[in-house]
Amino acid sequence: MTTAASTNFFEFLKQFPDSAACFRHIAVTKYGIELACPRCEGSHRLNSTGRLRQFYCYRCNISLSPTAGTLMGHSRISAWEWFYFLLLLANRTSGITVDHLTRHLGVSRLAAYRMLCLARLHITELRQMRRLGGQGEIVQIDETWLPNVIESSQRAGKGAIVFGMHDRLGVQTCVIPDRSASTFMALIDAWVSPGSTIVTDSHRSYHSLTKRGFQHIALNHSNGEWKKNGFSNVWIESYWNSLKYFLRSQNRVVKEAILPLYLAEHAFRHDARIDGTCPFQKLIQTFPMIDQAKLPLGANPKQSVRNGRAKMQ
Ligand SMILES: [Zn+2]
């Protein structure tokens, strides 16, 4: 029986007994249940060519590979192993480390690191930015300092500031260059709907929110004020706690280039908990195109071989 919150291993085995089932699932997400050919406008069905990764249309004489360009494109790891890895990633509340994946799947550390980076890029593509709040809705906004973020592989932490907005449906986060009013207001104008009630701390960069037409509740934390007229910042504050725990569980330090991928992974899991959907089914509901150029350098096999050993996050 499928529970709302997760897919367990036995349900997974029933749904995906082998790689053929996984490929068919990806093809269905791309071409529809009837596997209609995208070239001849759905008038012909695609047939399996006998080769696992390919489907064929007899009318247009074309073969299509549903995994091309997705996180599994060009991978030598089987589709079933990829799906099993996505199941692990979805069901672990605090994520998977490279070491765990290396031991569990019997792949090299480099392959494990690449898989994790690709899955996080996949999640980033799945999580489109959405506008938060709305008339009468509460949006809690805060920023936090992550000290253990490094610029390159060697130097001590230079840190990073992460900006977060949380409404009753979930969270949006991004890395910001500074705590200036112009940075905050550009993000709020872009992503918070008019008519929202915004709860922040008393940082002066938030002072113009009332002028911009929002109802603004400023909590003065230095005076011990954590709640005012029933409003608090508890959603976003507890999100920061769980994000920091997640990042610590991954590694001692985080590379700046890979931080947005970690932010997307954690926010994905957090939002799935709020809306009660199954994170694994969400991960496999569509297979967006992945720009592999966005992979961090450490996930590039050539560079890692030259360095003797892949530098892991
Ligand atoms: Zn066709």
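Caption draft 1: Broad picture of the packing of aromatic side chains. Tallied over the entire structure, the rule returns 17 aromatic pairs. Ring geometry for tyrosine 239 and tryptophan 240: centres 6.0 Å apart, planes at 55°, overall tilted. Here the two residues tyrosine 239 and tryptophan 240 agree in accessibility, since each one is buried. Ring pairing ties together the aromatic residues Phe9, Phe10, Phe12, Phe16, Trp80, Phe83, Tyr84, Phe280 and Phe287, which thus form one cluster.

Caption draft 2: Summary view of the pattern of salt bridges. The tally for this structure, following the rule as stated, stands at nine salt bridges. In this structure, arginine 212 engages aspartate 189 in a salt bridge whose closest nitrogen and oxygen atoms are separated by 2.7 Å. Of the two residues, arginine 212 is situated in the loop between strand E8 (197-201) and strand E9 (215-219) and aspartate 189 in helix H6 (residues 181-191); the sequence distance between them amounts to 23 residues. The class for aspartate 189 is partly exposed, based on a relative accessible area of 36%. Taken together, the shared-partner salt bridges in this structure form one network comprising Arg120, Glu265 and Arg269.

Caption draft 3: Molecular detail of the nonpolar core. Within the largest apolar cluster, 61 residues are counted, with the highest numbers of intra-cluster contacts made by Leu71, Phe83, Phe85, Leu101, Leu259 and Phe280. Contributing elements (two or more residues each) for this core: helix H2 (19-31), helix H3 (79-91), helix H4 (98-105), helix H5 (109-126), strand E6 (160-167), helix H7 (234-250), helix H8 (259-275) and helix H9 (279-283). Grouped together as the second largest cluster of nonpolar side chains are 17 residues, Val139, Val192, Ile198 and Tyr206 included.

Caption draft 4: The arrangement of the sheet that holds strand E2 (residues 55-57) in detail. Overall, antiparallel pairing links the three strands, which are arranged E1-E2-E3 in an open sheet. Edge positions in the sheet fall to strand E1 (47-48) and strand E3 (62-64), since each of these pairs with one other strand and no more. Across two bridges, the pairing between E1 and E2 is antiparallel. Among the inter-strand pairings, asparagine 47 is bridged to a residue of E2, identified as tyrosine 56.

What counts, and where the lines are drawn
- Residues numbered from 1 in each chain as written.
- Predicted model: local features only at pLDDT ≥ 70, side-chain atom pairs only at ≥ 80, totals over all residues.
- Heavy atoms only, no water.
- Phe/Tyr/Trp six-rings, centres within 6.5 Å; stacked < 30°, edge-to-face > 60°.
- Buried < 20%, exposed > 50% of the residue type's maximum accessible area, 1.4 Å probe, protein only.
- Salt bridge = Lys/Arg side-chain N within 4 Å of Asp/Glu carboxyl O.
- Helix = DSSP H or I, 4+ residues; strand = E, 2+ residues; numbered from the N terminus.
- Core = buried A, V, L, I, M, F, W, Y, C linked by side-chain atoms within 4.5 Å.
- Pairing = 2+ DSSP bridges.

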